[in-house]
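# Coordinate inspection notes
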Amino acid sequence: MAGGLALILAGAGAGGWLWRRARRRQIEPLVTPRTVDLAHFLDRFEQALTGAVPGGTIQSRAGRLVEVFRDFLSWRLRRDFHPLTTPEIRAALADSEIAGTTLPAVEQALGELDVLRFAPAGGGRLPALAEVLREAMLELGPRSEEAADAAGAAVS
């Protein structure tokens with residue numbers, strides 16, 4: 001009788017363990033890969049310009065626009081642009097597709113956005129400055145998959 005009771009308790013314990021394990025598998029979130037491409041950055045850029053931004057001020061919008069632009073440059077050119085100053089960004093972009101007439105406009109827009117990020121007022125030029133950066137993103141365009149494969153870089 002004791003052996004039968006032990007067998008029943010062992011079966012109940014194993015059943016409970018299997019039930020909890022199956023239930024844990026069901027509630028794990030399904031991970032879907034996020035596509036990172038030019039459209040992803042343009043959407044983020046538009047959201048930073050017109051969408052809800054923490055703080056909602058011109059300064060916070062200018063900061064988000066610069067952040068998204070630096071994210072795009074880092075993704076597109078496979079280099080971290082976040083710690084660079086505006087003159088360092090200009091030097092890094094000197095060999096890129098926007099080295100012609102667009103680069104001085106990008107440098108000026110980044111400089112003015114830096115002022116807006118820390119200025120207590122202003123911001124009437126924010127849409128025009130954002131348009132300069134958007135045009136530079138479009139001019140640089142998407143990252144070529146051949147170059148990504150050759151560099152062994154993963155899209156992040």
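Residues numbered from 1 in each chain as written. Predicted model: local features only at pLDDT ≥ 70, side-chain atom pairs only at ≥ 80, totals over all residues. Heavy atoms only, no water.

### Re the packing of helix α2 (residues 38–50) against helix α3 (residues 58–77)
- Look at α2 against α3: their axes get within 8 Å of each other, and the N-to-C directions meet at 170°. Taken together, the axes of α2 and α3 are roughly antiparallel relative to one another. In contact with L38, F41, R44, F45, Q47, A48, L49 and T50 of α2, α3 contributes R61, R64, L65, E67, V68, D71, F72 and W75.
- In terms of residue class, the contact of α2 with α3 is built from 9 nonpolar, 2 polar and 5 charged. (Axes fitted to C-alpha atoms, helices over the stretch in contact; angles between N-to-C directions. Helix = DSSP H or I, 4+ residues; strand = E, 2+ residues; numbered from the N terminus. Parallel < 35°, antiparallel > 145°, perpendicular 65-115°, else oblique. Contact = heavy atoms within 4.5 Å. Nonpolar A, V, L, I, M, F, W, Y, C, P; charged D, E, K, R; others polar.)

### Focus on unusual backbone geometry
- The phi torsion at R78 lies on the positive side, around 55°, for a residue other than glycine.
- Within the fold, R78 resides in the loop between α3 and α4 (86–93).
- Residue R78 is classed as partly exposed on the basis of its relative accessible area, which comes to 31%. (Buried < 20%, exposed > 50% of the residue type's maximum accessible area, 1.4 Å probe, protein only.)

### Here we look at the confidence of the model for the protein
- Looking at the protein as a whole, its pLDDT mean stands at 80, while 79% of the residues score no less than 70.
- The least confident element of the protein is helix α7 (residues 145–151), whose mean pLDDT is 44; the most confident is helix α6 (residues 126–140), at 92. (pLDDT = per-residue confidence, 0-100.)

### Section: the nonpolar core
- Within the largest apolar cluster, 32 residues are counted, with the highest numbers of intra-cluster contacts made by F69, F72, L73, L113 and L133.
- Secondary structure elements with two or more residues in this core: α2, α3, α4, α5 (102–118) and α6.
- If sequence neighbours within four positions are ignored, L113 has contacts with A62, V66, L126, L129 and L133. (Core = buried A, V, L, I, M, F, W, Y, C linked by side-chain atoms within 4.5 Å.)

### Overview of the packing of aromatic side chains
- According to the stated counting rule, one finds 3 aromatic pairs in the structure shown.
- Considering the side-chain rings of F41 and W75, the 5.2 Å spacing of their centres and the 40° angle between planes classify their relative orientation as tilted. Here F41, found in helix α2, pairs with W75, found in helix α3; they are 34 residues apart in sequence, far enough to count as distant. This pair shows no difference in class: F41 is buried, exactly as W75 is.
- A ring pair is formed by F72 and W75, whose centres lie 5.9 Å apart and whose planes are at 45°; its orientation type is tilted. With a gap of 3 residues between them, F72 and W75 both fall in helix α3, about one helical turn apart. Each member of the pair F72 and W75 is classed as buried.
- Members of the aromatic cluster, each reached through a chain of ring pairs, are F41, F72 and W75.
- A cation sits over an aromatic face here: R79 above F81, 5.7 Å from the ring centre. (Phe/Tyr/Trp six-rings, centres within 6.5 Å; stacked < 30°, edge-to-face > 60°. Lys NZ or Arg CZ within 6 Å of the ring centre and 35° of its normal.)

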